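# Summary of the model geometry
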2 protein chains.
Amino acid sequence: MLLLARRTRFLTKVFTTAFLPPKAISKTCLHRQLRIFTAMSSSDQNSAPNDQSVVSQLGPDGKPLSKKAMKKLEKEKEKEKKKSEREAQKAAEAEAQKAEDFAKDSYCVLPLIQSKEKTSRKWTKVQNLTADLSGQKVLVRARLHTSRGTGKQCFITLRDRQYTVQAICAVSNIVSKPMVKFAVGINKESIVDVEGEVKKVDQQIKSCSQQDVEISVEKLFVVSLSEPRLPLQIEDASRPDTDELAHVNQDTRLDNRIIDLRTIPNQAIFSIEAATCKLFREYLESKGFHEIHTPKIISAASEGGANVFEVSYFKGKAYLAQSPQLYKQMALTADFDRVYTIGSVFRAEDSNTHRHLCEFIGLDVEMTFYEHYHEVVRTIGEMFNYIFKGLQTRFADDIEKVRKQYPSEPFKFLEPSLILEYHEGVDMLKAAGIEMDYDEDLSTPNEKLLGKLVKQKYDTDFFILDKYPLCVRPFYTMPDARNPVLSNSYDMFMRGEEVLSGAQRIHNPDLLTERAKHHGIDLEQIKSYIDSFRYGAPPHAGGGIGLARVVMLYLDLHNIRKSSMFPRDPKRVTP
Amino acid sequence: MLLLARRTRFLTKVFTTAFLPPKAISKTCLHRQLRIFTAMSSSDQNSAPNDQSVVSQLGPDGKPLSKKAMKKLEKEKEKEKKKSEREAQKAAEAEAQKAEDFAKDSYCVLPLIQSKEKTSRKWTKVQNLTADLSGQKVLVRARLHTSRGTGKQCFITLRDRQYTVQAICAVSNIVSKPMVKFAVGINKESIVDVEGEVKKVDQQIKSCSQQDVEISVEKLFVVSLSEPRLPLQIEDASRPDTDELAHVNQDTRLDNRIIDLRTIPNQAIFSIEAATCKLFREYLESKGFHEIHTPKIISAASEGGANVFEVSYFKGKAYLAQSPQLYKQMALTADFDRVYTIGSVFRAEDSNTHRHLCEFIGLDVEMTFYEHYHEVVRTIGEMFNYIFKGLQTRFADDIEKVRKQYPSEPFKFLEPSLILEYHEGVDMLKAAGIEMDYDEDLSTPNEKLLGKLVKQKYDTDFFILDKYPLCVRPFYTMPDARNPVLSNSYDMFMRGEEVLSGAQRIHNPDLLTERAKHHGIDLEQIKSYIDSFRYGAPPHAGGGIGLARVVMLYLDLHNIRKSSMFPRDPKRVTP
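Residues numbered from 1 in each chain as written. Chains lettered and ligands numbered in written order. Predicted model: local features only at pLDDT ≥ 70, side-chain atom pairs only at ≥ 80, totals over all residues. Heavy atoms only, no water.

Within an unreviewed UniProt entry, the label attached to chain A reads Aspartate--tRNA ligase, cytoplasmic, and the organism entered is Actinia tenebrosa. Among the UniProt annotations of chain A, the heading Subcellular location (unreviewed entry) holds the following wording: "Cytoplasm". UniProt annotates chain A under Catalytic activity (unreviewed entry) with the comment "tRNA(Asp) + L-aspartate + ATP = L-aspartyl-tRNA(Asp) + AMP + diphosphate". (UniProt positions renumbered as here; feature names shortened; annotations may be inferred.)

The following block contains the structure:
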């Protein structure tokens with residue numbers, strides 16, 4: 001412990017020395033310091049430093065070097081010496097040049113921000129740079145999106161999330177030539193602090209979000225330097241996949257997700273993801289729903305044991321929940337009469353498709369009703385409409401930004417939602433030439449086709465398919481009271497793909513036991529679930545929504561990996 | 001498939017027959033039907049039904065029965081026959097009695113609600129039963145909380161979540177004697193539909209939440225019958241643990257969580273849990289924070305490999321994330337400059353204490369700053385105050401309901417939050433006679449004691465302890481710029497227990513690499529994390545909050561299992 005503390009103290013001293021030069025240091029200077037620091041720490045760890053191995057003049061095999069090898073070694077030594085002399089000279093020249101530079105205090109690579117100082121300076125966000133601020137001095141922190149030097153001036157585009165503004169660093173009585181050179185040399189994606197005057201422009205700057213103004217740069221500091229070579233270019237990652245110019249494939253994007261996510265369309269996609277959750281909650285809370293949280297580690301594989309991830313739990317085994325459903329239901333039997341939960345859902349399905357993930361965020365709803373599960377279906381339908389309308393009206397900008405890269409038709413929906421019975425759906429498919437039975441589940445292509453047929457007939461991208469055949473639904477699904485082949489269950493679709501699956505659940509322990517047996521489920525494993533209906537249980541229904549699917553389909557992105565920040569599929573658990 | 005469908009059709013037919021008598025059936029009648037149903041389905045599965053085994057007169061060993069055994073068997077048969085005759089007679093009597101009953105259509109156990117009908121009836125919530133409705137007919141669905149028969153009348157308390165109302169079922173020209181008897185016989189916790197007139201009472205009903213009115217029952221239907229024996233009594237589970245009368249121990253509560261959760265204090269606790277999340281989001285969204293979702297399945301144990309749950313991931317291995325921190329940080333380097341996330345966090349710690357869980361909900365915040373991590377500390381402090389104030393003002397009723405079972409002092413806090421430096425905390429402990437070093441971490445008892453000392457001195461239950469020794473914090477913690485022994489890190493405390501741990505994080509890949517090496521962390525395993533800082537990374541800080549801890553400490557519940565709906569600890573993964 002004491003040793004650790006001492007070592008920590010030593011190392012920390014090294015860092016502080018390395019990272020905290022007087023006030024502000026030049027880029028070269030910082031890089032040199034970084035090198036010193038690295039050398040110090042590595043010499044701290046290597047048992048045989050370079051010099052010593054040269055002195056002993058032994059080869060890698062431990063034998064003395066031959067004359068030829070000795071000569072080569074000396075040559076290399078000489079070369080290295082010259083190189084470092086050259087570098088030192090260059091640095092000295094740069095220092096000298098800078099010393100003479102009248103603008104020398106107006107630019108540099110800042111030392112690592114380690115929370116050493118508090119000033120009263122105010123920063124302005126890029127999105128707030130409008131003509132109103134014309135003539136005012138501002139301080140802006142943003143990424144250097146692009147820069148282009150033309151001798152005595154440098155045009156910079158600054159980017160902060162979805163907003164961009166032009167900045168000009170031009171030689172003047174404030175800005176020196178070396179300062180312009182410094183600006184030109186800053187690597188793209190570095191984070192910079194720019195001080196300057198906001199100027200109204202005569203001609204709109206089409207390439208920026210802030211089209212009416214530019215910043216006339218007076219000071220320019222690098223807060224965090226990016227490596228010169230980016231694994232992917234923001235411009236390339238922002239182009240439609242169909243574009244002739246370079247674009248980035250999906251795996252490269254995901255391998256370098258933190259850069260990929262910086263594109264304006266991606267910023268907008270995840271703004272819409274957050275908005276979807278927000279609207280989901282807004283609607284449900286206005287209807288008296290109660291937020292709950294359910295455990296993800298469960299003692300038994302709830303739905304028969306297939307497709308669950310196993311977890312080592314101390315000396316035993318446990319599983320990751322495939323859905324919060326059993327817990328939502330238990331919450332209802334515990335009197336929380338309308339609940340929702342947003343949380344991770346795990347599926348160990350080896351499905352490598354455009355719409356399956358092994359881990360995703362479920363938006364789950366469960367609700368008691370008085371007479372008929374359609375009370376619940378109507379509520380969920382209204383909730384979807386609330387989300388669709390909310391996105392359309394409150395997040396139209398974001399939708400537009402996504403469309404620039406991923407073109408899509410506006411999402412259409414009906415109020416109230418269109419509800420078709422399963423057999424009506426099958427009839428439509430049959431009429432379109434598909435051969436299938438009424439008690440057969442919908443295949444993915446048939447779902448897609450049905451979506452198209454419904455769109456043609458009803459002009460809606462969202463609809464509810466009600467009264468699925470009992471035999472294709474899970475054991476806890478309530479059978480239909482009038483037709484024993486059917487069930488009180490439903491799926492909801494966006495652009496022909498399922499986004500919600502739900503049902504009236506059986507709330508009678510005897511019927512539930514029978515259905516579980518029928519499905520071959522080990523009763524011992526679901527005992528606490530069945531028992532939860534023994535002490536008075538209200539009739540109820542609900543459903544689970546895949547968040548990433550809703551976002552993917554609303555924006556028509558065609559790949560669920562585009563609407564999941566860090567997606568997990570059978571082949572990907574990183575980053 | 002076809003076979004399955006056929007079997008399903010057959011079974012469903014059985015259910016429908018069993019569960020759907022003409023319109024409404026008596027309790028006895030339903031129970032008989034249920035018995036028939038069970039018998040039918042079990043005979044469907046047994047290859048040798050009872051009767052046949054008697055006819056062949058073979059014993060369980062397959063050999064013919066002895067004379068003695070034969071006699072015994074016949075006696076049993078006779079006994080069973082008489083029993084069923086008696087039952088049939090009883091049922092017939094009940095039917096006959098009911099047939100004569102003028103109120104026979106006003107009460108019964110309803111058939112299973114299978115969404116067969118939609119009527120236009122309106123239900124009224126218990127909480128809305130006030131004197132305003134006096135004289136009006138209402139229909140209420142609620143639990144039968146308690147009932148007490150006194151000959152010609154039955155006093156019922158109806159409960160819906162945190163609200164209770166009295167109902168009286170008394171013999172009159174509408175209510176018959178058999179109907180009162182039926183009311184008296186309904187098991188507690190059953191769900192009932194009550195129709196009747198709202199009557200203003202002369203004397204307030206102290207035992208109910210709705211004190212000014214009662215319902216004069218005219219119709220009474222059982223929607224879902226509870227088993228007669230409850231594993232725990234709601235009244236017992238609602239008493240303070242210190243009460244002389246019976247109360248329920250924590251494990252019995254958790255084993256029967258769905259009943260335990262029905263107590264009014266528990267309804268209030270989870271209302272406050274939901275409110276805490278709501279207030280957390282409200283504050284952060286007002287400050288421009290962006291909600292994100294992070295993966296729980298990760299490829300490598302991020303913080304050295306201890307205390308992580310291992311997951312089998314297809315043919316490989318993965319782990320459950322101990323915190324969303326690395327992903328929150330990656331989101332910041334991907335330009336989402338202020339993020340929060342609410343999600344499950346997993347800790348494979350074998351800690352069996354009042355405040356540790358193996359799975360809990362983390363409220364996580366991460367934020368870029370301009371100059372000093374105190375910008376973040378201040379924001380988080382304000383957020384806590386927003387939660388404390390919000391609970392106090394908007395959820396005062398719930399707090400009061402919890403206090404009836406779990407007495408506590410009002411939660412005190414200062415505006416702005418009190419911030420002490422770590423060494424000041426150590427000084428206070430030293431002054432109180434504790435021997436400890438300035439670079440030593442706080443033990444749990446010392447944390448508790450410090451909480452008390454701070455409360456005495458500053459009259460606050462919430463404070464922030466800033467500038468922890470570097471050696472006791474994780475590798476990604478930013479060292480202090482002025483004092484190498486310290487770090488830019490902080491914990492936040494409620495009633496002397498830690499609820500948040502946070503820090504400025506290192507945003508420079510070289511320094512991060514060095515610190516990881518120093519902590520003995522396999523660099524290969526955190527490569528993508530370190531690399532995420534190579535392309536321009538903003539200075540940032542954040543922290544993670546345990547939701548259940550905040551609720552437990554705000555309400556002073558003394559056990560984290562009371563503020564987690566379905567808690568997980570080393571010994572519990574059910575229900």
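The discussion continues.
Before going further, it helps to spend a moment on the overall build of chain A. Within chain A, the secondary structure is distributed over 17 helices and 17 strands. Counting all 575 residues of chain A, 57% fall into the buried class. In chain A, 68% of the contacts between residues at least 6 apart in sequence involve partners at least 24 apart. Here chain A has roughly 25400 Å² of accessible surface; of this, 50% comes from carbon and sulfur atoms. (Helix = DSSP H or I, 4+ residues; strand = E, 2+ residues; numbered from the N terminus. Buried < 20%, exposed > 50% of the residue type's maximum accessible area, 1.4 Å probe, protein only. Contact = heavy atoms within 4.5 Å. Areas by Shrake-Rupley, 256 points an atom, 1.4 Å probe, with all protein chains shown as cover.)

Another point: a positive patch on the surface. Taken together, Lys67(A), Lys71(A), Lys75(A) and Lys79(A) make up a surface patch of like positive charges. With respect to the helices and strands, the residue Lys71(A) is situated in helix α4 (residues 67-100). (Patch = residues over 30% accessible without salt bridge, like charges linked within 9 Å, V, L, I, M, F, W, Y side chains within 5 Å. Salt bridge = Lys/Arg side-chain N within 4 Å of Asp/Glu carboxyl O. Lys, Arg positive; Asp, Glu negative; His and termini not counted. Charge placed at Lys NZ, Arg CZ, Asp CG, Glu CD.)

Once that is clear, we can look at the domain arrangement of chain A. Structurally, chain A comprises domain 1 (107-112 + 121-224), domain 2 (234-262) and domain 3 (267-562). Distance from the C-alpha centre of domain 1 of chain A to the C-alpha centre of domain 3 of chain A: 48 Å. (Domains from an automatic or database assignment.)

This brings us to the relation of the copies chain B and chain A. Superposing chain B onto chain A takes a rotation of 180° combined with a translation of 0.1 Å along the rotation axis, leaving an RMSD of 0.2 Å. What the rotation and shift describe, once combined, is the action of a two-fold rotation axis. It is Val311(B) whose C-alpha, among those of chain B, lies nearest the rotation axis, at 2.2 Å. Taken as a fraction of all interface residues of chain B, those also at the interface in chain A reach 99%, which identifies the copy contact as same-surface. (Least-squares fit on C-alpha atoms with pLDDT ≥ 70 in both.)

Turning to the side chain of Asp480(A), a few remarks are in order. Examined against the element boundaries, Asp480(A) turns out to sit in the loop between β14 (462-466) and β15 (489-494). Side-chain polar atoms of Asp480(A) contact the backbone nitrogen of Arg482(A), separated by 2.8 Å. (Polar contact = N/O pair within 3.5 Å; in protein donor to acceptor, adjacent residues only side chain to side chain.)

With that settled, consider the sheet that holds strand β13 (residues 418-421) of chain B. All names here are of chain B. Within the open sheet, the eight strands sit side by side as β7-β11-β12-β17-β16-β15-β14-β13. Their pairing is mixed. Each edge of the open sheet is held by one strand with a lone partner, namely β7 (290-291) and β13. As paired elements, strand β14 (residues 462-466) and strand β15 (residues 489-494) share five bridges and run antiparallel to each other. Its bridge partner lying in β15, Phe-463 is registered against Phe-493. Relative to the sheet, helix α9 (residues 264-286) contacts β11 (338-346), β12 (359-368) and β17 (540-546), its axis offset from that of β11 by approximately 155°. Against the sheet, helix α11 (residues 374-394) touches β12, β13, β14, β15, β16 (497-505) and β17, its axis set at about 10° to β15. (Pairing = 2+ DSSP bridges. Axes fitted to C-alpha atoms, helices over the stretch in contact; angles between N-to-C directions.)

Tracing the backbone shows Glu371(A) in the loop between β12 (359-368) and α11 (374-394). For Glu371(A), a relative accessible area of 11% translates into the label buried. Placed 168 residues apart in sequence, Glu371(A) and Pro539(A) show a C-alpha to C-alpha distance of 8.0 Å. Among the polar contacts made by the side chain of Glu371(A), one reaches the side chain of Thr119(B) at a distance of 2.4 Å.

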